[in-house]
Amino acid sequence: MNSPALFIQENKEVQTNLLSGAEAVLKCLLEEGVETIFGYPGGAIMPIYDQLFQYQDRLKHILVRHEQGAAHAAQGFARVSGKTGVCFATSGPGATNLITGIADAMIDSTPIVCITGQVYSPLLGTDAFQETDVVGISMPVTKWNYQVTRAEEIPFALARAFYIANTGRPGPVLIDITKDAQFESFHFSYEKCVRIRSYQPYPQLDESKSDEAADLINNSKKPFFLVGQGVILSQAKKELIELAEKADIPMAATLLGLSAVPTDHPLYVGYLGMHGNYAPNLLTNECDVLIAVGMRFDDRVTGDLERYAKQAKVIHIDIDPSEIDKNVKTDVALVSDAKVALKSLIRKVNRNEHTSWLSEFQKLKAIENETLGGSIDGRLKMGEVIRELSAQTNGEAIIVTDVGQHQMVTSQHYQFKNPRQHVTSGGLGTMGFALPASIGARMGQEEKEVIAIIGDGGFQMTIQELGTISQCGIHVKILVLNNHFLGMVRQWQELFFDGRYASTEMVNPDFQLIIKGYGIKSMKVTSREELNSKMKEFLNHKGSIMLEAEVEKEENVFPMVPAGASVSEIRLK
């Protein structure tokens, strides 16, 4: 753990005031521009909450119903706003309840600062009531963490926390503050962190590597862009599209890369991954140059690594050097912020045309549409609901999805127009993510329509956050796709376990009655004949509302790359 002496500060002359550690925490947050906090009080963090009572006009606190909800709400806030999300929890179970959200934020590169209370410092290590070593527990899933035992450490720790969380590859930071440090008084001063000697968040682009990458692209016949979340985080949409248009390169998005470029762009060819589109998955193993931008070659994208893009030269652009060669061997690595690397390539890449290569995507897209877009009969299908939602919102709503079949169907069918429209749990795949994350998303972009799309399983994991929506008057629209199954697991059981539906059928409560109990309006749609009118009523409602769509119980989501298969083995049925 580095001492405050290694912290390099922005200004040398500061004014000091005698404050308690608890009040200093809030002053630090205000200095960092924080306006919203998601949290749940308890004994070890009570001094901070007591001071928060005095700051209600400057700091809005959203009382969640479970600390996991606080972490996910902070994630949703960060993902749509680009700012750092903040959450509070008390010691022991309060702190450990944050861990799932922290781990989710870590793997999905989401900047959040989590502040936990801790028992009095003399009690550390004694198994005191509600004592847990949250610093030790959270170490593998945080970008940095720090335990404060003296009030004077608070400005140092929080300035550093915000700098680390939202620079370079973003991620979660946890600051654990003992109760005595919250009560203790000291002469407060705050200086934003602008540099840490041992931390280089923005590596300098090696222009010689950029030259090599440009040469590969200029000599390619079948180049292919894989677009990850790094394009969104670096605000590189303009540069990516300019380069793709100049060299006539098709673009496909990862799950977290969705919304990086408009889905109606002529060079956008679809969604990558296990349930991605047919053409981009299949043609990954046909391209000659694969250009991965801000993505980490997750196993859901690559399938069997031994049979992934072996014919292609691989250019990997990523700000995190640890991602280079981790999963896929790279021919040219550009360790850099995506915007910087793409700007460099724009200058060096020649104008080109790849008409025949692009036509291959269109042919395969037609095959997918013909196979999967046939006559619709029987019960309402998930894809119908999402297509109707996309059409009626003009593809411009902020969409927050949970995890499961509905997540994949949304990824396939919602027509995103702008960056930061799509919020989901990608790497960790956390069921229960969507409802609390949608609360944070709404607080991060209050002028935008926020729609949480949730399966009946995930809905019940964090359903208590309806209380947060109701009490705080947060306007979120909730679309529940109810198939009375843990649908994704059931699909695998049907396809790979001989139809043995072990513990996947759900006997659900009456969601309409539950929603009514929270004072939130609700609706239900059971047929395609009423889908258009019910969706219109749902979207036109001012305030929070739930639309429950009763969908086909045993519908499967295709395309699909079976686990362990090559992307070339993608199935349409």
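Fair warning: this is a prediction, and the values are worked out from it, not measured in the lab.

**Q** So what exactly am I meant to see when it comes to the overall build of the protein chain here?
**A** Each helix and strand in the protein chain was counted, giving 23 helices and 22 strands. In the protein chain, once contacts between residues fewer than 6 apart in sequence are set aside, the share between residues at least 24 apart is 77%. Surface exposure of the protein chain reaches about 22500 Å², of which carbon and sulfur atoms provide 49%. One finds the centroid of the 55 positive side-chain charges in the protein chain at a distance of 4 Å from the centroid of its 69 negative side-chain charges.

**Q** For this particular structure, what's the right way to read the environment of Trp144?
**A** Along the chain, Trp144 turns up in strand E7 (residues 144-148). Linking Trp144 and Asn218, residues 74 residues apart in sequence, is a C-alpha distance of 41 Å. The contacts of Trp144, once residues within four sequence positions are left out, are Ala157, Arg160, Ala161, Ile164, Pro172, Val173, Leu174 and Ile175.

**Q** When you look at empty space enclosed by the protein in this model, what are you seeing that I'm missing?
**A** With a probe scaled to a water molecule rolled over the atoms, the places where space remains empty come into view. One pass over the full model with this rule turns up one cavity of 30 Å³ or more. For the largest cavity, the calculated volume is near 70 Å³. Ranked by the residues each element gives to the lining of the largest cavity, the list is headed by helix H10 (residues 229-233), at three residues. Residue composition of the lining of the largest cavity, by class: three nonpolar, two polar and two charged.

**Q** When you look at a nonpolar patch on the surface in this model, what are you seeing that I'm missing?
**A** Judged by side-chain polarity, Tyr120, Leu123 and Phe183 come together as a nonpolar surface patch covering roughly 280 Å² of accessible area. Structurally, Phe183 can be placed in helix H8 (residues 179-183). Residue Phe183 is classed as partly exposed on the basis of its relative accessible area, which comes to 48%.

**Q** Just to check I follow, could you spell out the environment of Ile317 for this structure?
**A** On the secondary structure map, Ile317 appears in strand E15 (residues 313-318). The spacing of Ile317 and Thr90 is 227 residues in sequence and 40 Å in space, taken between C-alpha atoms. Look past the residues within four positions of Ile317 in its chain and what remains in contact with it is Ile291, Ala292, Val293, Gly294, Leu334, Ser336, Ala338, Ala341, Leu342 and Leu345.

**Q** So what exactly am I meant to see when it comes to the sheet that holds strand E13 (residues 268-271) here?
**A** Sheets are built from strands that pair by backbone hydrogen bonding, the pairs being arranged parallel or antiparallel. Pairing within the open sheet is parallel, and its six strands lie in the order E13-E12-E11-E14-E15-E16. The open sheet terminates on both sides in strands that have one partner only, identified here as E13 and strand E16 (332-335). For this sheet the average axis-to-axis angle between neighbouring strands, irrespective of direction, equals 15 degrees. Of the strand pairs in this sheet, E15 and E16 are connected by four bridges, and their pairing is parallel. Its bridge partner lying in E16, Ile317 is registered against Leu334.

**Q** Would you mind showing me how to read the pattern of salt bridges here?
**A** Between side chains of opposite charge, pairing is possible as soon as their charged atoms come close. As enumerated under the stated definition, the model contains 25 salt bridges in all. Taken together, the shared-partner salt bridges connect Arg169, Asp320, Glu323 and Lys326 into one network.

**Q** Can you help me understand the layout of surface pockets in this one?
**A** Of the pockets and cavities examined, the second largest pocket occupies roughly 1100 Å³. Around the second largest pocket sit 41 residues that line it, and Glu368, Asn369, Leu372, Arg387 and His413 are the ones nearest its centre. Here the element with the most residues in the lining of the second largest pocket is helix H15 (residues 355-372); it accounts for seven residues. Looking at the lining of the second largest pocket residue by residue, the classes come out as 17 nonpolar, 16 polar and eight charged. Residue-level mapping places the lining of the second largest pocket at the junction of two domains, with at least three residues from each of domain 2 (207-364) and domain 3 (375-566).

**Q** What's the story with the sheet that holds strand E6 (residues 112-118) in this structure? I'm lost.
**A** A sheet is described by the order of its strands in space; here six strands give the open sequence E4-E3-E5-E6-E8-E7, paired in parallel fashion. With partners counted over all chains shown, the strands left at the sheet margins are strand E4 (60-63) and E7, one partner each. If you compare each strand with its neighbour and ignore which way they point, the axes differ by 20 degrees on average. Both E7 and strand E8 (residues 172-178) contribute to a ladder of five bridges, which runs parallel. Residue pairing across strands places Tyr146 opposite Ile175, the latter belonging to E8. Taken strand by strand, helix H3 (residues 67-81) contacts strand E3 (36-39), strand E5 (85-89) and E6, and its axis lies near 170 degrees from that of E5. Here helix H5 (residues 99-107) sits on the sheet and contacts E6 and E8; the angle it forms with E8, its principal contact strand, is near 145 degrees.

**Q** Help me understand the packing of aromatic side chains, please; the structure alone is not making it clear to me.
**A** Two numbers describe a pair of aromatic rings. These are the distance of the centres and the angle of the planes. Under the criterion given, the structure shown has 13 aromatic pairs. Between Tyr49 and Phe88, the aromatic rings sit 5.8 Å apart at their centres with planes inclined by 80 degrees, giving edge-to-face as the arrangement. Note that Tyr49 is positioned in helix H2 (residues 46-52) and Phe88 in strand E5, a separation of 39 residues in sequence. Each of the two residues, Tyr49 as well as Phe88, counts as buried. Ring plane angle 80 degrees and centroid distance 6.2 Å describe the contact between Phe186 and Phe188, whose orientation is recorded as edge-to-face. For the pair shown, Phe186 and Phe188 are each scored as buried. Three or more aromatic residues joined by ring pairs form one cluster here, namely Trp144, Tyr146 and Phe156.

**Q** Sorry, what's going on with the nonpolar core here?
**A** Phe225, Ile291, Ile317, Val385, Leu389, Leu479 and Leu481 are the most contacted members of the largest nonpolar core, which has 65 residues in total. Both domains that meet at this core, namely domain 2 (207-364) and domain 3 (375-566), each give it at least three residues.

**Q** Teacher, can you tell me more about the packing of helix H16 (residues 382-393) against helix H17 (residues 405-413) here?
**A** In a pair of packed helices, the angle between the axes and the distance between the axes together describe the arrangement. Contact geometry of H16 with H17 gives a least axis separation of 9 Å together with a crossing angle of 45 degrees. Overall, the two elements H16 and H17 adopt an arrangement that is oblique. For H16 against H17, the interelement crossing comes out right-handed. Only Gln405, His406, Val409, Thr410 and His413 of H17 make contact with H16, whose side of the interface consists of Met382, Gly383, Ile386, Arg387 and Ser390. Here the residues of the contact of H16 with H17 sort into three nonpolar, six polar and one charged.

About the cut-offs
All residue numbers refer to position in the chain's written sequence, counted from 1. Given that the model is predicted, a residue must reach a pLDDT of at least 70 before its local features are reported, and side-chain atom pairs must reach 80 or more before they are shown or counted; all residues, however, enter totals for whole chains, interfaces and linings. Only hydrogens and water are removed before side-chain values are computed, so all heavy atoms of the structure are retained for them. Per the convention used, a helix needs a DSSP run of H or I reaching at least four residues, while a strand needs a run of E reaching at least two, with both numbered from the N terminus. It only takes one pair of heavy atoms within 4.5 Å for two residues to be counted as in contact. Surface exposure here means Shrake-Rupley accessible area, sampled with a 1.4 Å probe, where a residue is shielded only by the protein chains that are shown. Charged residues are defined narrowly, with Lys and Arg counted positive, Asp and Glu counted negative, and His plus the chain ends left uncounted. For charged residues, the charge sits on one atom: NZ in Lys, CZ in Arg, CG in Asp, CD in Glu. Using a grid of 1 Å spacing that covers the protein atoms alone, one calls a set of points a cavity when a 1.4 Å probe fits there but cannot get out, and a pocket when the set is open and has protein on both sides within 12 Å along at least five of seven lines; lining residues are those with an atom within 4 Å of a point. Grid points are joined across faces, edges and corners, and a volume is the space filled by probe spheres set on the points. When residues are grouped by polarity, Ala, Val, Leu, Ile, Met, Phe, Trp, Tyr, Cys and Pro land in nonpolar, Asp, Glu, Lys and Arg in charged, and all others, Gly among them, in polar. A patch consists of residues whose relative accessible area exceeds 30% and which take part in no salt bridge; residues with like charges are grouped when within 9 Å of each other, and nonpolar side chains (Val, Leu, Ile, Met, Phe, Trp, Tyr) when within 5 Å. Salt bridges are counted wherever a side-chain nitrogen of Lys or Arg sits within 4 Å of a carboxyl oxygen of Asp or Glu. Only protein chains enter the accessibility calculation, which uses a 1.4 Å probe; a residue whose area is less than 20% of its type maximum is buried, one above 50% is exposed, and one in between is partly exposed. Pairing between strands is defined by DSSP: at least two bridges between them are needed. Axis lines are fitted to C-alpha atoms, over the contacting stretch for helices. Their N-to-C directions set the angle, which ranges from 0 to 180 degrees. Segment limits for the domains were obtained from an automatic or database-derived domain assignment. Classification of ring pairs uses Phe, Tyr and Trp, with its six-membered ring standing for Trp, and accepts pairs whose centres are within 6.5 Å; under 30 degrees between planes counts as stacked, over 60 as edge-to-face, and the remaining range as tilted. What makes a nonpolar core is a set of buried Ala, Val, Leu, Ile, Met, Phe, Trp, Tyr and Cys residues whose side-chain atoms join them at distances within 4.5 Å. Orientation is classified from the angle alone, with under 35 degrees giving roughly parallel, over 145 giving roughly antiparallel, 65 to 115 giving roughly perpendicular, and any other angle giving oblique. A crossing counts as left-handed when the near helix is turned anticlockwise from the far one by less than a right angle, and as right-handed when that turn is clockwise.

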